Amino acid sequence: MYCNKCGSELEESSRFCKHCGNKLKDDIVEPVKTQMSLKETWKKSNEKVEREQQEKKQKKNLERIEEIKQEVQRDLKPKDGKHHVTLIKSKSKSLCDNNVHISELECMLEIIQSRGYEIVDIKVMGVQWTGSTIGAEMIVVYK
């Protein structure tokens, strides 16, 4: 590299000419650090795992709701003005996961009502713990 003012030969890494003092480079770009800190890496890893777990949970809930739809549609009695009873058993891995039980019941009720039936009564029969799974049994009376 040469000085653009005096023409002296210089090292490529020079910022100023050592002969005349001319500033050689206006835009010095410092290398950007591309490595994330260990804390940032850990945080991103945890976020990814949490997101994957949430997606897996949502997929499982949707699959369960689809099963319920098929069960309810299969078990609906003919519309004859009489009272009929159906049972739903919801399952969850967590005591705190009431949304799963509620979603399953709402799904079942939606199907029954969309077929033109009237919901007469809903009874929770009980809650059971089996290992790490909690299940709720609900009876729905419809006509």
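A. Quick look at the overall build of the protein chain. Helix and strand content of the protein chain: two helices and three strands. Helices (α) and strands (β) of the protein chain occur, in sequence order from the N terminus, as α-β-α-β-β. Per-residue burial for the protein chain yields a buried fraction of 24% across its 143 residues. For the protein chain, restricting intrachain contacts to residue pairs at least 6 apart in sequence, the fraction spanning at least 24 positions comes to 49%.

B. Geometry of the nonpolar core. Ranked by internal contacts, the top residues of the largest apolar core, which has 16 residues, are Val72, Leu105, Met108 and Ile112. Sort the elements by how many residues they give to this core and helix α2 (residues 98-114) lands first, with six residues. Excluding residues that lie within four positions of it along the chain, methionine 108 makes contacts with Ile68, Val72, Thr86, Ile88 and Val140.

C. Main features of the pattern of salt bridges. The final tally for this structure, using the stated rule, is two salt bridges. The closest approach of N and O atoms between lysine 123 and aspartate 121, which form a salt bridge, is 3.0 Å.

D. Structural view of the environment of glutamate 9. Along the chain, the position of glutamate 9 falls in the segment before α1 (38-75). For glutamate 9, a relative accessible area of 56% gives the class exposed. When the C-alpha positions of glutamate 9 and histidine 19 are compared, they lie 9.5 Å apart, and in sequence the two are 10 residues distant. Look past the residues within four positions of glutamate 9 in its chain and what remains in contact with it is Met1 and Tyr2.

E. Structural view of the side chain of serine 8. In this fold, serine 8 is placed in the segment before α1. Setting aside its immediate chain neighbours within four residues, serine 8 contacts Met1, Tyr2, Cys3, Cys17 and His19.

F. Fine view of α1. With 38 residues, α1 should reach 56 Å at 1.5 Å per residue; the first-to-last C-alpha distance of 55 Å fits that figure. The complete set of buried residues in α1 reads Arg64, Ile65, Ile68 and Val72.

Cut-offs and rules
- Residues numbered from 1 in each chain as written.
- Predicted model: local features only at pLDDT ≥ 70, side-chain atom pairs only at ≥ 80, totals over all residues.
- Heavy atoms only, no water.
- Helix = DSSP H or I, 4+ residues; strand = E, 2+ residues; numbered from the N terminus.
- Buried < 20%, exposed > 50% of the residue type's maximum accessible area, 1.4 Å probe, protein only.
- Contact = heavy atoms within 4.5 Å.
- Core = buried A, V, L, I, M, F, W, Y, C linked by side-chain atoms within 4.5 Å.
- Salt bridge = Lys/Arg side-chain N within 4 Å of Asp/Glu carboxyl O.
- Expected span 1.5 Å × (residues − 1).

Treat this as a map of the structure, not an account of what it does.
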